[in-house]
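# Summary of the model geometry
Each chain is listed here by its residues.
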Amino acid sequence: MSTPSPSRISVLAFGAFGVGTSGYIVAGLLPALTGELQVSATAAAQLVTAFAIAYAVGSPIFAAVTGTWERRTLLVAALVVTAAGNLFAALAPGYGTLLVARVVTAIGAAVFTPAASAVAAQLTAPERRGRAIALVFGGLTVALIFGVPLGSLISQHLGYRTAFALVAAFSLASALAVRAALPVVAAPPRVTLAERFAAGRDPRVLVMLAVTVLGCLAAFMVYTFVSPLLAATAGLHGTAVTVLLFCYGVGGAVGNFAGGRAADRWGSRAPLLVVTASITVVMALLPIATTTPVAAGVALFVWGMATWSFSPPVQHRLIELAPSHAGLVLSLNASAIYLGVGLSGVVGGAVLDSGGPLVLPEVAAALTLLALLLVSAAWGRVREPVAA
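Quick summary incoming for the structure in this document. As the structure is a computational prediction, the values presented were derived from the model and not from experiment. For every chain, the first residue of the written sequence is number 1, and numbering continues from 1 onward in sequence order. Selection of residues for local features in this predicted model requires a pLDDT of at least 70, selection of side-chain atom pairs for listing and counting requires 80 or more, and totals for whole chains, interfaces and linings are taken over all residues. No hydrogens and no water enter the side-chain calculation; it runs on all heavy atoms of the structure.

Numbering of helices and strands runs from the N terminus; a helix is a DSSP stretch of H or I covering at least four residues, while a strand is a stretch of E covering at least two. Across its full length, the chain holds 16 helices and zero strands. A compact globule built from 388 residues would reach a C-alpha radius of gyration of about 21 Å, and the chain, at 19 Å, matches this within 12%. The principal-axis extents of the C-alpha atoms in the chain amount to approximately 55 × 45 × 35 Å. Note on classification: 1.4 Å probe, protein chains only; a residue is buried when its accessible area is under 20% of the maximum for its type, exposed when over 50%, partly exposed between these limits. Taking all 388 residues of the chain together, 59% fall into the buried category. Whether two residues are in contact is decided by their heavy atoms, any of which lying within 4.5 Å being enough. Pairs at least 24 residues apart make up 86% of the contacts formed inside the chain by residues separated by at least 6 positions. Carbon and sulfur atoms make up 71% of the accessible area of the chain, which amounts to about 14300 Å² in all. Radius of gyration: over C-alpha atoms. The globule rule applied is 2.2 Å multiplied by the number of residues raised to the 0.38 power. All accessible areas in this document rest on Shrake-Rupley with a 1.4 Å probe, and a residue is counted as covered only by the protein chains that are shown.

A positive phi angle, close to 60°, is found at Gln 38, a residue other than glycine. When you line up the elements, Gln 38 lands in the loop between helix 2 (11–37) and helix 3 (41–65). Taking relative accessible area as the criterion, Gln 38 reaches 66% and is therefore assigned exposed.

Below, the discussion takes up helix 10 (residues 226–234). Three or more residues of helix 10 are buried, namely Val 226, Ser 227, Leu 229, Leu 230, Thr 233 and Ala 234. On an axial view of helix 10, the arc spanned by its buried residues comes to 160°, and they lie on one face. Buried positions along helix 10 lie against helix 2, helix 9 (203–223), helix 11 (239–266), helix 12 (269–289), helix 13 (293–308) and helix 16 (360–379). Backbone geometry just downstream of helix 10 places Gly 235 in the positive-phi region, at approximately 65°. To obtain the arc, one takes the directions from the helix axis to the C-beta atoms.

Angles here are taken between N-to-C directions and fall from 0 to 180 degrees, while the axes themselves are lines fitted to C-alpha atoms, restricted in helices to the stretch in contact. The geometry of helix 2 relative to helix 7 (residues 160–181) is characterised by a closest axis approach of 9 Å and an angle of 175° between their N-to-C directions. It follows that helix 2 is roughly antiparallel to helix 7 by the angle criterion. Asp, Glu, Lys and Arg are counted as charged, while Ala, Val, Leu, Ile, Met, Phe, Trp, Tyr, Cys and Pro are counted as nonpolar; the rest, among them Gly, fall into the polar class. A breakdown of the residues in the contact of helix 2 with helix 7 according to their chemical character gives 17 nonpolar, six polar and one charged. Each angle receives one of four descriptions, namely roughly parallel if under 35 degrees, roughly antiparallel if over 145, roughly perpendicular if within 65 to 115, and oblique otherwise.

On to the side chain of Ser 309. With respect to the secondary-structure elements, Ser 309 resides in the loop between helix 13 and helix 14 (311–321). Once residues lying within four places of it in the same chain are set aside, the contact partners of Ser 309 are Gly 255, Asn 256, Gly 259 and Val 275.

A 1.4 Å probe that fits but cannot get out identifies a cavity on a 1 Å grid over protein atoms alone, an open set with protein on both sides within 12 Å along at least five of seven lines counts as a pocket, and a residue lines either if it has an atom within 4 Å of a point. Grid points are joined across faces, edges and corners, and a volume is the space filled by probe spheres set on the points. Counted by the stated rule, this structure contains three cavities of 30 Å³ or more. Each pocket or cavity is described by its volume, and for the largest cavity that value is around 220 Å³. Taken together, 21 residues form the lining of the largest cavity, with Phe 137, Cys 216, Trp 308, Ser 311 and Ile 337 sitting closest to its centre. Listing elements by their share of the lining of the largest cavity, those giving two or more residues are helix 5 (95–122), helix 6 (129–158), helix 9, helix 13, helix 14 and helix 15 (326–355). Of the residues contributing to the lining of the largest cavity, the split by class is 15 nonpolar, six polar and no charged.

Its location among the elements puts Pro 293 in helix 13. Along the sequence, Pro 293 and Asp 264 sit 29 residues apart, while their C-alpha atoms lie 36 Å from each other. With residues near it in sequence (within four places) discarded, Pro 293 still touches Leu 236 and Leu 244.

We now examine the packing of aromatic side chains. Only the six-membered ring of Trp is used, alongside the rings of Phe and Tyr, when aromatic pairs are assigned; centres must lie within 6.5 Å, and planes under 30 degrees apart are stacked while those over 60 apart are edge-to-face, with the rest tilted. Enumeration over the complete set of coordinates arrives at 10 aromatic pairs. With a centroid separation of 4.7 Å and 70° between ring planes, the pair formed by Tyr 248 and Trp 303 is classed as edge-to-face. Taken as a pair, Tyr 248 in helix 11 and Trp 303 in helix 13 lie far apart in primary sequence, 55 residues in all. Each member of the pair, Tyr 248 together with Trp 303, is buried. Pairwise contacts between aromatic rings join Tyr 24, Phe 220, Tyr 223, Tyr 248, Trp 303 and Trp 308 into one cluster.

What follows concerns helix 9. Every α-helix winds through 3.6 residues per turn, so residues three or four apart in the chain are directed the same way. In this scheme, a helix's expected span is set at 1.5 Å multiplied by one less than its residue total. Look at helix 9: 30 Å from first C-alpha to last across 21 residues, which is about the 30 Å you get at 1.5 Å a residue. When you tally the buried positions in helix 9, you get 18 out of 21 residues, the bulk of the element.

Here a salt bridge means any side-chain nitrogen of Lys or Arg lying within 4 Å of a carboxyl oxygen belonging to Asp or Glu. Under the definition given, this model contains one salt bridge. For the salt bridge of Arg 317 with Glu 320, the shortest nitrogen-to-oxygen distance reads 3.8 Å. Remark: Glu 320 and Arg 317 occur in helix 14; sequence separation between them is three residues, near one turn of the helix. Judged by relative accessible area, which is 33%, Glu 320 ranks as partly exposed.

This next bit is on a nonpolar patch on the surface. Grouping into patches uses exposed residues only, defined as over 30% relative accessible area, and leaves out salt-bridged ones; the cut-off is 9 Å for like charges and 5 Å for nonpolar side chains (Val, Leu, Ile, Met, Phe, Trp, Tyr). Together, Val 142, Phe 146, Leu 150, Leu 153 and Phe 246 give the surface a local cluster of nonpolar side chains, amounting to about 390 Å² of exposed area. Per element, the largest residue contribution to the nonpolar patch is four residues, and it comes from helix 6. Structurally, Phe 246 can be placed in helix 11.

All right, on to the side chain of Thr 105 then. Examined against the element boundaries, Thr 105 turns out to sit in helix 5. Non-local contacts of Thr 105, meaning those with residues more than four positions away in its chain, are made with Ser 22, Phe 51, Thr 82, Gly 85 and Asn 86.

At their nearest, the axes of helix 11 and helix 14 sit 7 Å apart, and the two run at 35° to each other. Relative to helix 14, the crossing made by helix 11 is right-handed. Residues Asn 256, Gly 259, Gly 260, Ala 263 and Asp 264 of helix 11 lie in contact with helix 14, whose contacting residues are Pro 312, Pro 313 and His 316. For the contact of helix 11 with helix 14, the per-class residue count stands at three nonpolar, four polar and one charged. With the far helix as reference, a near helix turned anticlockwise by less than a right angle produces a left-handed crossing, and one turned clockwise produces a right-handed crossing.

Note that every value here comes from positions in space, so none of it alone points to a role or purpose.
Structure, rendered in structure tokens:
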């Protein structure tokens, strides 16, 4: 098999955009969901939790079940399931059915994201692996730049159902694009289920998964409730929030590619320490940095940049630790991401109800500080991988 061109690998980012918009769009739809479904913001946020828990549980299971599938076929199937879940959400008659639709969507996303990252790494030279992974995750950041704000804007005028229907159409288009542009990619060698999960018992891997959970919990407990936060700090609503979500997404795109390049140049440890420390500071200052529209735009750009610099060095490290089980450890990391996202709806909702929106960033800063301490303490204590 010949190595595909960067343009062919970039089609994975196209698919990641559909998957990412599917996962993150609830934050932009929150006002429309609460109004049309007649539920509280905390209840609407449980749509994030349902998606995330299904993703977290499903990712390693489906990575094992589909481990022998040819990779292009697997990616196309995952995007078709994602499209079906979004269409189901658009047609769902009520809140309960919408929860089920989010679970279906999550199953497709749980298969696609780790498989796409592993394929990108497999088809790329080791010295460019961080950038290849960042390219895939670039689709997720573009989902934040355009997908979530556009979903928010569409929901304000046409309702949340139209937003879900458009995401379904794009996910199906992504499946066709992957099928047309990506070459056939053989499945990794067959291994037993026990062998697959052996990598997940490595304490070095467990440290990184814990860091991922903490980082994503902190980021998304604020992002999910960014509308009430901005209403409290700067009195912003509607289109103004959409514009600020765009600022966050642009920062996320910059941070994602910077994180990938930093991991390629300096390894994973130093970039991860710098990024986690930066997120902690930004979170702590967010309530006082978003008191005017201009300041809020700058703050959300910096916040997005710091947050999305986080994943590339984490995934770079996991592939270093288990190169022969890259697909598995990346699926476990995807589970950790969405475990953090799922907890964010519950923890963020509890903080919002008990302390109000201004407390959310402070609790998030405490969580990222814990992640920073864990990386600092554990990296030197756990044995490094033995050179071949």
